[in-house]
Amino acid sequence: MTEKTPVPVFPSEFVDLDPFADWALGTEAERYAKRLSSTMDQLQALYDAAFPRLEAILAYLDGLELNSLPLEATRLLWLAYSLVNASFPVEVWRQPRVPDSGAASMEAVIEPAV
Amino acid sequence: MPHFEKPAEGSWTEHYPELGTGPVSYEDSISPEHYELERKAIFARTWLNVGRVEELARPGSYFTRELQAAGTSVIVVRGIDGQVRAFHNVCRHRGNKLVWHDYPREETSGVCRQFTCKYHGWRYDLQGACTFVQQEPEFFDLDKSRYGLVPVQCEVWEGFIWVNIDPANTTSVVDYLGEFGAGITGYPFDKMTQVYRYRAVVGSNWKLFIDAFAEFYHAPILHARQSVAEESRKLQGIGYEALAYQIDGPHGMVSSWGGMSPPKDINMVKPIEQKLHSGLFGPWDRPGIEGLDPLPPALNPARSPAWGLDSFVFFPNFMLLIWSTGWYLTYHYWPTSYNTHIFEGTLYFVPPANATERLRQELAAVTFKEYALQDGNTLEATQMMLETRAVTMFPLNDQEILLRHLHRTAREYVSALDSDPTNPYTPVPVPAVS
Ligand code: FES
Ligand SMILES: [Fe+2]
């Protein structure tokens with residue numbers, strides 16, 4: 001996972017989140033896979049950086065039309081989805097995976113376009 | 001000391017005396033022979049929900065469903081006339097599967113003007129009529145009008161599409177869904193078109209996952225860690241009691257309190273929920289659409305101010321959960337063998353107006369998945385040990401009434417098939433499982 005993301009990644013007010021650009025992933029499958037392949041330190045770092053910014057992120061995005069977001073704003077929304085996903089290991093499980101879920105998986109087969 | 005009033009008989013279970021109160025055998029979930037009987041007696045004879053009309057947006061929209069338990073694959077398609085129809089997914093020439101993409105065992109969907117067989121190019125219109133036969137004069141007195149696709153009974157109720165494989169079936173979907181169906185008619189399902197669907201291959205009998213979703217007795221224990229510690233301790237101390245249980249024919253329902261929308265004390269919920277005002281029960285704010293107040297009469301039957309959700313088990317394999325917060329969830333359980341099935345959970349919300357609403361729905365959907373992974377992870381472990389037959393009879397408590405009813409109903413369908421020599425429907429024999 002070393003894909004190079006073009007600059008600017010996020011709207012300029014959110015340049016502080018650039019180190020987490022690789023969490024701006026457009027599908028649940030990608031976000032969940034990145035969660036499972038991350039360490040708790042990495043998940044905690046994402047959470048610590050993005051959680052305090054959540055209100056600002058929403059205030060910014062709510063000023064835009066949800067169905068025609070510019071690319072940087074879309075990435076910001078995707079990052080917020082990753083924060084939601086990572087909140088479970090950080091706030092609840094203390095491990096990336098749901099405990100005792102073993103090889104069980106649940107695949108997102110339909111999800112919203114945006 | 002019950003927190004919620006039970007029927008005069010003293011328990012929900014005894015209110016339905018035919019259910020009995022004794023320990024229950026789970027042989028019906030571990031026997032390959034019994035499963036083969038269930039396929040014929042249940043899946044090949046009852047109405048099965050296969051989706052929603054929104055999935056067929058315009059004439060020519062279609063999807064296929066692999067109904068392995070019913071022994072077929074069906075095409076569901078919206079015709080030129082706007083009508084939704086279903087057909088066995090088989091070409092009348094030499095039996096090729098008509099609609100599939102890349103992998104013959106996988107479901108597919110799309111939009112088309114007609115169906116063309118990949119093998120020799122026979123064509124069928126959206127109403128199922130055979131319209132083209134390659135090198136037609138080579139055949140012997142072939143009358144195309146007698147080679148249309150084989151129809152499957154198909155009806156739409158409140159936007160839900162149902163099929164029934166049994167050509168001898170004479171019960172309409174509305175009649176089949178009974179009091180519960182009638183009592184939720186009018187709910188604004190059609191306004192909830194923002195969809196998330198999750199699918200899992202599960203190593204258990206199909207009924208075991210319904211069991212897991214048809215009782216909340218497990219919730220304070222299995223899902224303990226999903227609540228903040230203090231709240232979790234409190235929930236375990238109290239245990240779980242539903243507001244009400246009801247049974248109507250083969251179907252059942254449980255009405256539950258909860259929802260915490262908003263919670264009495266904000267510290268009862270996790271930080272992400274505090275920030276987003278959403279969680280397992282969905283976004284705390286109800287969407288501003290018509291049809292949620294008043295609700296259809298079958299919802300919140302106890303008329304409790306603490307109402308959180310109603311969960312309907314429509315026999316055999318469809319569950320519908322309607323939440324007080326104004327969204328709904330469906331579960332489908334598609335058996336693939338006596339000890340495996342495919343689970344689908346689909347969440348339906350009113351489309352979000354902005355990013356905040358969108359993110360609230362995302363949290364609800366992700367939370368659903370975390371819970372469902374917990375619910376699912378016990379199933380293989382249960383199946384394994386049931387199959388040892390080291391223990392064969394199991395006590396079910398009053399909060400597990402819907403499980404008692406589900407297994408009893410499934411057994412009744414099987415014995416009805418056995419004892420019904422006039423049954424006009426003779427299913428194709430299924431090869432024995434070795
Ligand atoms: S099997 Fe379909 S055209 Fe021959
Ligand atoms: Fe559960």
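Note that the structure is predicted; figures quoted are calculated from it, not measured. (Residues numbered from 1 in each chain as written. Chains lettered and ligands numbered in written order. Predicted model: local features only at pLDDT ≥ 70, side-chain atom pairs only at ≥ 80, totals over all residues. Heavy atoms only, no water.)

### A look at the overall build of chain B
Next up, step 1: Across its full length, chain B holds ten helices and 19 strands.
Next up, step 2: Taking 2.2 N^0.38 as the reference for a compact globule, 434 residues should give roughly 22 Å; the C-alpha atoms of chain B span a radius of gyration of 23 Å, in line with that estimate.
Next up, step 3: In terms of principal-axis extent, the alpha carbons of chain B reach across some 80 × 55 × 35 Å.
Next up, step 4: Taking all 434 residues of chain B together, 56% fall into the buried category.
Next up, step 5: Sequence-distant contacts in chain B: of pairs separated by 6 or more residues, those separated by 24 or more amount to 67%.
Next up, step 6: Summed over all atoms, the accessible surface of chain B reaches about 18,700 Å², with 54% contributed by carbon and sulfur.
Next up, step 7: Here chain B contributes 37 positively and 51 negatively charged side chains, and the mean placements of these two sets differ by 6 Å. (Helix = DSSP H or I, 4+ residues; strand = E, 2+ residues; numbered from the N terminus. Rg over C-alpha atoms; globule rule 2.2 N^0.38 Å. Buried < 20%, exposed > 50% of the residue type's maximum accessible area, 1.4 Å probe, protein only. Contact = heavy atoms within 4.5 Å. Areas by Shrake-Rupley, 256 points an atom, 1.4 Å probe, with all protein chains shown as cover. Lys, Arg positive; Asp, Glu negative; His and termini not counted. Charge placed at Lys NZ, Arg CZ, Asp CG, Glu CD.)

### Looking at the sheet that holds strand 5 (residues 84-88) of chain B
All names here are of chain B.
Next up, step 1: Spatially, 2-11-10-5-4-3-6 is the arrangement adopted by the seven strands of the open sheet, whose pairing is antiparallel. Every other strand in the sheet has two partners, leaving strand 2 (48-52) and strand 6 (109-111) as the edge strands with one partner each. Within this sheet the neighbouring strands show an average axis-to-axis angle of 25°, counted without direction.
Next up, step 2: Pairing analysis gives five bridges linking strand 10 (residues 151-157) to strand 11 (residues 160-164), with the strands arranged antiparallel. The partner of Q153 across the bridge, within strand 11, is N164.
Next up, step 3: Its contacts with the sheet put helix 3 (residues 173-184) on strand 10 and strand 11, and the angle it makes with strand 10 is roughly 15°. (Pairing = 2+ DSSP bridges. Axes fitted to C-alpha atoms, helices over the stretch in contact; angles between N-to-C directions.)

### What to know about helix 3 of chain B
All names here are of chain B.
Next up, step 1: For helix 3, which comprises twelve residues, the first-to-last C-alpha distance of 14 Å sits more than 12% below the rise-based estimate of 16 Å (1.5 Å per residue).
Next up, step 2: Buried residues of helix 3: V173, Y176, L177, F180, G181, G183 and I184, and no others.
Next up, step 3: G186 sits one or two residues past helix 3 and shows a positive phi near 100°. (Expected span 1.5 Å × (residues − 1).)

### As for the sheet that holds strand 15 (residues 307-314) of chain B
Next up, step 1: The strand order across the open sheet formed by eight strands is 1(A)-12(B)-18(B)-17(B)-16(B)-15(B)-14(B)-13(B), and the pairing between neighbours is antiparallel. The sheet terminates laterally at strand 1 (107-110) of chain A together with strand 13 (244-248) of chain B, the two strands that pair on one side only. With strand direction ignored, the average angle separating the axes of adjacent strands in the sheet is 20°.
Next up, step 2: Sheet topology note: the strand 13 of chain B/strand 14 (residues 251-257) of chain B ladder contains five bridges and is antiparallel. Pairing of B:A244 across the sheet is with B:S255, part of strand 14 of chain B.
Next up, step 3: The strands that helix 8 (residues 355-377) of chain B touches are strand 12 (194-202), strand 17 (327-337) and strand 18 (340-349) of chain B; relative to strand 12 of chain B, the one it contacts most, it runs at about 15°.

### Regarding the domain arrangement of chain B
All names here are of chain B.
Next up, step 1: When its domains are assigned, chain B resolves into domain 1 (12-30 + 178-417) and domain 2 (48-170).
Next up, step 2: A separation of 33 Å is found between the C-alpha centroids of domain 1 and domain 2.
Next up, step 3: Taken together, the contacts link 22 residues of domain 1 with 15 residues of domain 2.
Next up, step 4: Around 1,400 Å² of area is buried between domain 1 and domain 2 when both sides are counted, 61% of it from carbon and sulfur atoms.
Next up, step 5: When residues of domain 1 are sorted by the area they lose upon contact with domain 2, F189, F318 and W334 head the list and together hold 32% of the total. (Domains from an automatic or database assignment. Buried area = accessible area lost by both parts, 1.4 Å probe.)

### Digging into the interface of chain B and chain A
Often the size quoted for an interface is simply the accessible area lost on bringing the parts together.
Next up, step 1: With 32 residues of chain B in contact, the opposing surface of chain A contributes 38 residues.
Next up, step 2: Taken over both partners, the interface formed by chain B and chain A buries close to 3,400 Å², and the fraction arising from carbon and sulfur atoms is 66%.
Next up, step 3: Interface area lost by chain B to chain A is led by B:R225, B:K275 and B:L373, which between them contribute 18%.
Next up, step 4: The tally of links between chain B and chain A comes to four salt bridges.
Next up, step 5: Measuring nitrogen to oxygen at the nearest pair gives 2.7 Å for the salt bridge that ties A:R35 to B:E370.
Next up, step 6: In this assembly, chain B and chain A are joined by 18 residue pairs in polar contact (both at pLDDT 80 or more).
Next up, step 7: Contributions of two or more residues to the side of chain B that touches chain A are made by strand 12, helix 7 (271-276) and helix 8 of chain B.
Next up, step 8: Counted by class, the side of chain B that touches chain A contains 16 nonpolar, seven polar and nine charged residues.
Next up, step 9: For strand 1 of chain A and strand 12 of chain B, the ladder comprises three bridges, and the chain directions are antiparallel. Each bridged residue has a counterpart across the sheet, and for A:A108 the counterpart in strand 12 of chain B is B:Y198. (Salt bridge = Lys/Arg side-chain N within 4 Å of Asp/Glu carboxyl O. Polar contact = N/O pair within 3.5 Å; in protein donor to acceptor, adjacent residues only side chain to side chain. Nonpolar A, V, L, I, M, F, W, Y, C, P; charged D, E, K, R; others polar.)

### What to know about unusual backbone geometry
Residues and elements named next belong to chain B.
Next up, step 1: The omega torsion across D293 and P294 is 0°, close enough to zero to call that bond cis.
Next up, step 2: Mapped onto the elements, P294 comes out in the loop between helix 7 and strand 15.
Next up, step 3: The omega torsion across F315 and P316 is 5°, close enough to zero to call that bond cis.
Next up, step 4: Position of P316 among the secondary structure elements: in the loop between strand 15 and strand 16 (318-323).
Next up, step 5: Positive phi, normally seen in glycine, also occurs at E158, with a value near 50°.

### Considering helix 2 (residues 40-50) of chain A
Next up, step 1: Among all positions of helix 2 of chain A, only A:L43, A:L46, A:Y47 and A:A50 are buried. Down the axis of helix 2 of chain A, the buried set is contained in an arc of 95°. They therefore lie on one face.
Next up, step 2: The inward-facing, buried residues of helix 2 of chain A contact helix 1 (28-36), helix 3 (54-62) and helix 4 (71-93) of chain A together with helix 7 of chain B. (Arc of directions from axis to C-beta.)

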